[in-house]
Amino acid sequence: MARFQHTVTLAPVPRRWFESCVATLHDLAEATDAEDTNAEVARLRLPDGRPLPGLVLARGAHLRPGARYRPVNEESGEPDADQCVTVRAWDRRRETALEVVTVDGAPDHPARLDCALTLKSAERPREASLSVTLTPSGGKRDKHLGGTGRVHLDLDGWWRAAGRGRHPSRAPLTGTLTHAFARVGVTVVPRPAPDGRWLVTVKIRAGGRSFARPLVPLAAALLGRRARRACAESLDRAAATWNAQVPALVRMDAERLRAELTDALLGARRAHTGKE
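Residues numbered from 1 in each chain as written. Predicted model: local features only at pLDDT ≥ 70, side-chain atom pairs only at ≥ 80, totals over all residues. Heavy atoms only, no water.

Undergrad: Could you clarify how one ought to interpret unusual backbone geometry in this entry?
TA: Residues apart from glycine generally show negative phi values, whereas peptide bonds are mostly found in trans. The step from Lys-120 to Ser-121 runs through a cis peptide bond, and the omega angle for that step is -20 degrees. Structurally, Ser-121 is set in the loop between strand 8 (111-120) and strand 9 (127-136). Backbone geometry places Leu-63, a non-glycine residue, at a positive phi of 65 degrees. By the secondary structure assignment, Leu-63 is in the loop between strand 4 (51-59) and strand 5 (68-71). (Helix = DSSP H or I, 4+ residues; strand = E, 2+ residues; numbered from the N terminus.)

Written out as structure tokens, the structure is:
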């Protein structure tokens, strides 16, 4: 078993701001309309009437369970048959759940990527989870290229640990990455820094599976120092990016945040047409 630990300092995110952000995202999605046409797909329009570029409703009623959306291919202007987003649940009091499926038909290594995102709940966010499954479809020669990843965030536990400084009985943010030959576990625990920021400690444990079980300790002995340095540098870069961007975001009120999100949705259209 190989182990790694590193602590970074992050700009804090107020819980009220986070909850406001979640509510704003739901408000914007619910205020977006699907055109009632006889076409096979329905175009989407933002609350101000402008068309939402790059996404169409391909099946079902907007934001109802089973609703399926597809991105629009920039070259053909047609919905992309290899990608879709499906609404599994949309209930602000209970759960919001989305499923994203991408099919890669590459002749050398065809595969399917399934992602599921769940939030409980939009009215009072308590926990969020993400699962990712990569399934090769190239036969036996590709069977070891797949894997799964899962992340779970206990939002109540995160802000308790970040605000009170009490070490939680379990990490509020956990993740696992499972492959045929290896399994990696990650825990993330925050605590308050003296200056009000977050001190966030990341712990990683990696172990081999199947015939690769004895190889992980050997690799850790040979490459451990280099691997630890690379992990620490990656976390430090991620922290630097967070600290450069998050403070400006959390200073936005709900109206400004909604405007920024709308502009971001329209950004793809501006880039494609060259219009401001």
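After that view, the rundown keeps rolling.
Undergrad: I would appreciate a short explanation of the confidence of the model for the protein chain in the present structure.
TA: Note that predicted coordinates carrying low pLDDT should not be read in detail. Here the protein chain shows a mean pLDDT of 86. Residues at 70 or above account for 86%. Here residues 268-276 is a poorly scored stretch, pLDDT under 50, and it has 7 contacts once near neighbours within four places are set aside; other chains count. (pLDDT = per-residue confidence, 0-100. Contact = heavy atoms within 4.5 Å.)

Undergrad: What is the right way to look at helix 1 (residues 15-31) in this model?
TA: Quick reminder: α-helices carry 3.6 residues per turn. Residues three or four places apart thus point the same way. Its 17 residues give helix 1 an end-to-end C-alpha distance of 24 Å, which sits within 8% of 24 Å, the value for a rise of 1.5 Å per residue. Taken together, the buried positions of helix 1 are occupied by Arg-15, Trp-17, Cys-21, Val-22, Thr-24, His-26 and Leu-28. (Expected span 1.5 Å × (residues − 1). Buried < 20%, exposed > 50% of the residue type's maximum accessible area, 1.4 Å probe, protein only.)

Undergrad: In this structure, what is going on with helix 2 (residues 155-164)? I would like to understand it.
TA: Most of helix 2 is tucked away, with 7 of its 10 residues classed as buried. N-cap assignment for helix 2: the residue whose side-chain oxygen lies 3.2 Å from the backbone N of Asp-156 is Asp-154. Phi for Gly-165, located one or two positions after helix 2, is positive at around 80 degrees. (Polar contact = N/O pair within 3.5 Å; in protein donor to acceptor, adjacent residues only side chain to side chain.)

Undergrad: Which parts of the structure should I look at to understand the packing of aromatic side chains?
TA: By convention here, two paired aromatic rings are described through the distance between centres and the angle between planes. Taken as a whole and assessed by the stated rule, the structure comprises 2 aromatic pairs. Ring centres of Phe-18 and Trp-159 lie 5.5 Å apart, and the angle between their planes is 50 degrees; on these two criteria the pair is classed as tilted. Here the residue Phe-18 occupies a position in helix 1, and Trp-159 occupies one in helix 2, the gap between them amounting to 141 residues. Judged by its relative accessible area of 24%, Phe-18 is partly exposed. Accessibility expressed as a relative area gives 17% for Trp-159, which makes it buried. (Phe/Tyr/Trp six-rings, centres within 6.5 Å; stacked < 30°, edge-to-face > 60°.)

Undergrad: Is there a simple way to think about the nonpolar core in this case?
TA: Here is a general trend for soluble globular proteins: nonpolar side chains tend to be buried in one another's company. Judged by nonpolar contacts, the single largest core of 21 residues is most densely connected at Leu-10, Trp-158, Trp-198 and Val-200. Elements that contribute at least two residues to this core include exactly strand 1 (2-10), helix 1, helix 2, strand 13 (198-208) and helix 3 (215-250). At 4 residues, the largest contribution of residues to this core is made by helix 2. Excluding anything up to four places from it in sequence, Trp-158 contacts Leu-153, Pro-172, Leu-173, Val-188, Pro-190, Trp-198 and Val-200. In terms of nonpolar packing, the next biggest core, distinct from the first, is built from 10 residues, Leu-44, Leu-52, Ala-67 and Leu-266 among them. (Core = buried A, V, L, I, M, F, W, Y, C linked by side-chain atoms within 4.5 Å.)

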